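Each chain, written out:
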Amino acid sequence: MLITSRGRRIGGRAVLGVVSTLVLGATGFAWSQLHRLDTSLVTADVIPPSAQVPDTPAGEPLTVAQNILLVGLDSRTKPDGTPLPQNVLDALHAGGSDQGGNTTDTMIVVHVPVGGAAATAISIPRDSYVDIPGYGKHKINSAYSRARADQRGKLAQQGMSGPQLEVAADAAGAKSAIAAVQQLTGLTINHYAAVNLSGFAALSQAVGGVQVCLKAPVNDSFSGANFPAGVQTISGTQALAFVRQRHGLPNGDLDRIARQQAFMSAMAKTVLGSGTFTDPSRLSSLVDALEGSVTLDHGWNLLSFAEQLHGLSSGAIAFGTIPVQSLSLATPADGDAVKVDPAQVKQFVQTQISSPDVSASGGTADPGAVHPSSSGGAVRPIAETATPTPPAGTPAQPKMTTASGCVN
């Protein structure tokens, strides 16, 4: 069966971090806070020189299209390698500090075209069965954990220990995840951002909560999700539970991704339209949350990048998910997985990021590589795109859209 998953499905923890960091810059105070981020965030050397983006002159719009890999880590450590406190893990329903699988439970590629006034965010289901360079075919969320475990073992044998060991292992995992995503999508990843478990809760709380809507009440002991039906505002551990729940949902992980994307759409509206960047207290809280939860690639100058995002608004961020062919592919060693066709995925990705509706310039950029291009032209709202009707018996798939709505 063919399931074309093109709905409001975006990964939760990582996208919240990128939405927060991309748009800081509306006031002088915002610039000062962003400068603080540039000097205090944990960074990792995970982007090869061939994929690094040249600097844009100050004050000019984005002159080079960029692809950003955002991951939400099922990690029980902070970006600096120190463990999260047990009381924090308990509040997050995350188990003990030794129970984290260090997998990328959320993976999203964000394409920002020339001009920087629009963005397309495409989710990759965590159980997608793909080729992982150096490891063969496995679920894509294990690319990070496999390379991380290998590197951690080697470095531990050489005498490295403590936070230094964890940070070095994390970098190896990030490189593997980047390689797997590049191979699947055909895109060159130019930037990387990772957010851990506690970070998502802190970030959502820092902006004062986000309004969401559920079609029916839920009560899930695994994630801690306990919500009534209808419209409600959630933050902190509630927000994390909302986007992590997959037990009890009709379509499992696909419904979870749909819920994450609806949350992120509402989050973008909250951050970009509620005065977050002119409210010193809220902005300072947001930056504090980012400092304690986000890892960026080394050399990503957030101050310069934010300045290049001219006119980015919540209405110019489109959300979608790669097409999948089956939700229950039997594998030799990894249990049931999500079946995807790499050729179909590449075609889907290129179609989405090449659409005139998501281009901030009048021209069409090469979606697979970074390159200079002229900017200019008006930015149009991202339109919904047609979705083929799936065969009978397959989960209903919403359209790719910029709006949030009621979800399972």
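Before any of the text, the structure's been laid out above.
Residues numbered from 1 in each chain as written. Predicted model: local features only at pLDDT ≥ 70, side-chain atom pairs only at ≥ 80, totals over all residues. Heavy atoms only, no water.

## Section: the nonpolar core
Grouped together as the largest cluster of nonpolar side chains are 48 residues, with contacts concentrated most on Val-110, Phe-242 and Phe-263. Residue contributions to this core peak at 7 residues, all from helix α8 (residues 253-273). Apart from the residues within four sequence positions on either side, Val-110 is in contact with Gln-66, Asn-67, Ile-68, Leu-70, Ala-119, Thr-120 and Ala-121. Counting residues in hydrophobic clusters, the runner-up holds 35 residues, among them Ala-143, Tyr-144, Ala-171 and Phe-348. (Core = buried A, V, L, I, M, F, W, Y, C linked by side-chain atoms within 4.5 Å. Buried < 20%, exposed > 50% of the residue type's maximum accessible area, 1.4 Å probe, protein only. Helix = DSSP H or I, 4+ residues; strand = E, 2+ residues; numbered from the N terminus. Contact = heavy atoms within 4.5 Å.)

## Looking at the state of the cysteines
Overall, the coordinates contain 1 disulfide when judged by the stated rule. Here Cys-213 is linked by a disulfide to Cys-406, with a sulfur-sulfur distance of 1.8 Å. Residues Cys-213 and Cys-406 share a disulfide whose torsion about the S-S bond is about 65°; that sign makes it right-handed. Of this pair, Cys-213 sits in strand β8 (residues 210-214) while Cys-406 is found in the segment after α11 (342-354), placing the two residues 193 residues apart along the sequence. (Disulfide = S-S within 2.5 Å.)

## As for the environment of Ile-108
In this structure, Ile-108 sits in strand β3 (residues 104-112). On the accessibility criterion, Ile-108 (0% relative accessible area) is buried. With 211 residues separating them along the chain, Ile-108 and Phe-319 place their C-alpha atoms 9.7 Å apart.

## What to know about the sheet that holds strand β6 (residues 136-139)
Read across the open sheet, the 4 strands follow the order β6-β5-β15-β14; overall the sheet is mixed. Both edges of this open sheet fall to β6 and β14 (326-330), since each of them pairs with a single strand only. On average, each strand axis in the sheet is inclined to that of its neighbour by 55°, with strand direction left out of account. Bridge count between strand β5 (residues 128-132) and strand β15 (residues 336-339): 2 bridges; the pairing is parallel. In the sheet register, Tyr-129 faces β15, and the bridge partner there is Lys-339. Each of β5 and β6 is contacted by helix α4 (residues 142-157), which is oriented at about 115° to β6, the strand it contacts most. (Pairing = 2+ DSSP bridges. Axes fitted to C-alpha atoms, helices over the stretch in contact; angles between N-to-C directions.)

## Section: the packing of helix α6 (residues 197-206) against helix α9 (residues 280-291)
For the pair α6 and α9, interaxial distance at closest approach is 8 Å and the crossing angle is 175°. For the element pair α6 / α9, the angle class is roughly antiparallel. Along its contact with α6, which presents Ala-202, Leu-203 and Ala-206, the element α9 presents Arg-282, Ser-285, Leu-286, Ala-289 and Leu-290. Residues that form the contact of α6 with α9 fall into these classes: 6 nonpolar, 1 polar and 1 charged. (Parallel < 35°, antiparallel > 145°, perpendicular 65-115°, else oblique. Nonpolar A, V, L, I, M, F, W, Y, C, P; charged D, E, K, R; others polar.)

## Some remarks on the packing of aromatic side chains
Applying the stated rule across the entire model yields 2 aromatic pairs. An angle of 75° between the planes, with centres 5.9 Å apart, marks the rings of Phe-227 and Phe-242 as edge-to-face. On the criterion of sequence distance, the pair formed by Phe-227 in strand β10 (residues 225-227) and Phe-242 in helix α7 (residues 236-244) is long-range, its members being 15 residues apart. Comparing Phe-227 with Phe-242 shows no difference in burial state: the two are buried. Summarising the aromatic geometry, the rings of Phe-242 and Phe-263 are spaced 6.2 Å apart at their centres and angled 40° between planes, so their arrangement reads as tilted. Of this pair, Phe-242 sits in helix α7 while Phe-263 sits in helix α8; the two residues are 21 residues apart in sequence, bridging distant segments of the chain. For the pair shown, Phe-242 and Phe-263 are each scored as buried. Through a chain of ring-to-ring contacts, the aromatic side chains of Phe-227, Phe-242 and Phe-263 assemble into a single cluster. When the ring centre of Phe-242 is taken as origin, the NZ or CZ atom of Arg-259, which lies over that ring, is 4.9 Å away. (Phe/Tyr/Trp six-rings, centres within 6.5 Å; stacked < 30°, edge-to-face > 60°. Lys NZ or Arg CZ within 6 Å of the ring centre and 35° of its normal.)

## A few points about the environment of His-191
Position of His-191 relative to the elements: it lies in strand β7 (residues 191-195). Along the primary structure His-191 and Gly-299 are separated by 108 residues, whereas in three dimensions their C-alpha atoms are 9.1 Å apart. Beyond its immediate stretch of four places on either side in the chain, His-191 contacts Ile-47, Val-53, Gln-66, Asn-67, Ile-68, Leu-69, Asp-297 and Trp-300. A polar contact is formed between the side chain of His-191 and the side chain of Asp-297, at a distance of 3.1 Å. (Polar contact = N/O pair within 3.5 Å; in protein donor to acceptor, adjacent residues only side chain to side chain.)

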